[in-house]
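Each chain, letter by letter, is given below.
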Amino acid sequence: MNQNSEAITVLCSHLCVGENIKPLEPKEWSTLAQQMLDNKLQPADLLNFSQEDFTRYFNYDSEQTARIQRLIGRSASMSFEVSQYENMGINIVTRADSTYPKKLKKRLGNSCPPLFYYAGNLSLLEHDYVGYVGSRNIGDDDTLFTIETVKKTVSKGFGVVSGGAKGVDSTAEAEALRLGGYAVAFLSDSMKRKIKASDTICAIQECRLLLLSAVKPDAGFNAGVAMMRNRYIYAQSSGTVIVKSDYNKGGTWSGAADNLKHNFCSTFCWNHSGYNG
């Protein structure tokens, strides 16, 4: 990890969060990043800043400066925890790294998270993908449609990108991998648990599966995080297939509406009363 990446991790990661430790959220980091750019500074420079430097360059008051300095002060303990995750096969990529998801950076701009935790080979991001989203609760028709559509996706040389959730997401991912294709999953929780599965480990080792998450690997489910995760799926894909959604409610509906508003990629909806192949 280079010094700029280390600085972003120290300032934005939710690892080693104790009392009075409040990492910078994506919007806060984007604001600070623009201020650094305006002042011809790099993230690594902040690691050696004095209180006067924060006031001079960013007009921070004592409380804002103290918050940043507390974050920087956790460097040693964070290095230990990062090493533990690396031993599990989980690494960190930041916006300062050339391997950071390029499509996301281009399409989402400053709303991209400062960092992702990941397991797998980031070179998989160089492939083209079709997104698959939908309800966690699906019937036989939904499953059959997903499987048959993924077969067409893989046969055309595309990979599958999803959210790794139960239902449409996991069905699409499993079928792509079964066919010898590749998949990317943007997780909203529990990467640490997912990488314990033997089929997941095998697919990662074969360089056919990449897991990414904007939240720490042991994070539990959070609806807001899951909503933002949907945006990553759309931004990474050439087009996204919406298999099943509740009407005017739920994460799948909101994610699709967000994509239609921002036009990250093409949207394909399955409107059906029954599927016969």
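Above this text is the structure in question.
About the thresholds
- For every chain, the first residue of the written sequence is number 1, and numbering continues from 1 onward in sequence order.
- In keeping with the predicted nature of the model, local features appear solely for residues at pLDDT of at least 70, side-chain atom pairs appear and are counted solely at 80 or more, and the whole-chain, interface and lining totals rest on all residues.
- Side-chain metrics in this entry use all non-hydrogen atoms of the structure; hydrogen atoms and water are not considered.
- Only protein atoms enter the calculation, which uses a 1 Å grid: trapped sets of points that fit a 1.4 Å probe without letting it out are cavities, open sets showing protein on both sides within 12 Å along at least five of seven lines are pockets, and any residue with an atom within 4 Å of a point is a lining residue.
- Grid points are joined across faces, edges and corners, and a volume is the space filled by probe spheres set on the points.
- The secondary structure listing takes helices from DSSP runs of H or I that are at least 4 residues long and strands from runs of E that are at least 2 residues long, numbered from the N terminus.
- Residue type decides the class: Asp, Glu, Lys and Arg count as charged, Ala, Val, Leu, Ile, Met, Phe, Trp, Tyr, Cys and Pro as nonpolar, and the leftover types, Gly among them, as polar.
- Any pair of Phe, Tyr and Trp rings, taking the six-membered ring for Trp, is counted once the centres come within 6.5 Å. Such a pair is stacked with planes under 30 degrees apart, edge-to-face with planes over 60 apart, and tilted for the rest.
- To sort residues, take the accessible area from a 1.4 Å probe on protein chains only and compare it with the maximum for the residue type: under 20% means buried, over 50% means exposed, and anything in between is partly exposed.
- One bridge is not enough; two strands pair if DSSP finds at least two bridges between them.

Turning to the layout of surface pockets, a few remarks are in order. Roughly 500 Å³ of internal volume is contained in the largest pocket. Lining of the largest pocket is provided by 25 residues; of these, Glu25, Pro26, Pro113, Ala214 and Tyr232 occupy positions nearest its centre. Broken down by secondary-structure element, the contributors of at least two residues to the lining of the largest pocket are helix H2 (26-38), strand E2 (115-119) and helix H11 (223-236). For the lining of the largest pocket, the element with the most residues is H11, which contributes 5 residues. Taken as a whole, the second largest pocket encloses approximately 390 Å³ of empty space. Taken together, 23 residues make up the lining of the second largest pocket; nearest its centre are Gly134, Arg136, Gly250, Gly251 and Thr252. Taken together, the elements giving at least two residues each to the lining of the second largest pocket come down to H11 and helix H12 (250-262). Per-element tally for the lining of the second largest pocket: the top contributor is H11, with 7 residues. Of the residues that constitute the lining of the second largest pocket, the class distribution is 9 nonpolar, 8 polar and 6 charged.

Remark: the centre distance and the inter-plane angle together describe each pair of aromatic rings, the angle taken between the planes. Tallied over the full model, the rule gives 14 aromatic pairs. Here tyrosine 247 and tryptophan 253 contribute two aromatic rings whose centre-to-centre distance is 5.1 Å and whose plane-to-plane angle is 70°, an arrangement assigned as edge-to-face. Since its relative accessible area comes to 69%, tyrosine 247 is described here as exposed. For tryptophan 253, a relative accessible area of 31% corresponds to the partly exposed category. One aromatic cluster is present, formed by Phe49, Phe54, Tyr57, Phe58 and Tyr60 through successive ring pairs.

Looking now at the pairing of E2. E2 sits mainly inside the fold: 5 of its 5 residues count as buried. Side-chain alternation along E2 places Leu115, Tyr117 and Ala119 on one buried face and Phe116 and Tyr118 on a second face that is also buried. Sheet topology places strand E1 (residues 91-94) next to E2; 4 bridges connect them, and they run antiparallel. Within E2, the residue paired with threonine 94 across the bridge is leucine 115. Bridge analysis of E2 against strand E6 (residues 209-213) gives 3 bridges, and the strand direction is antiparallel.

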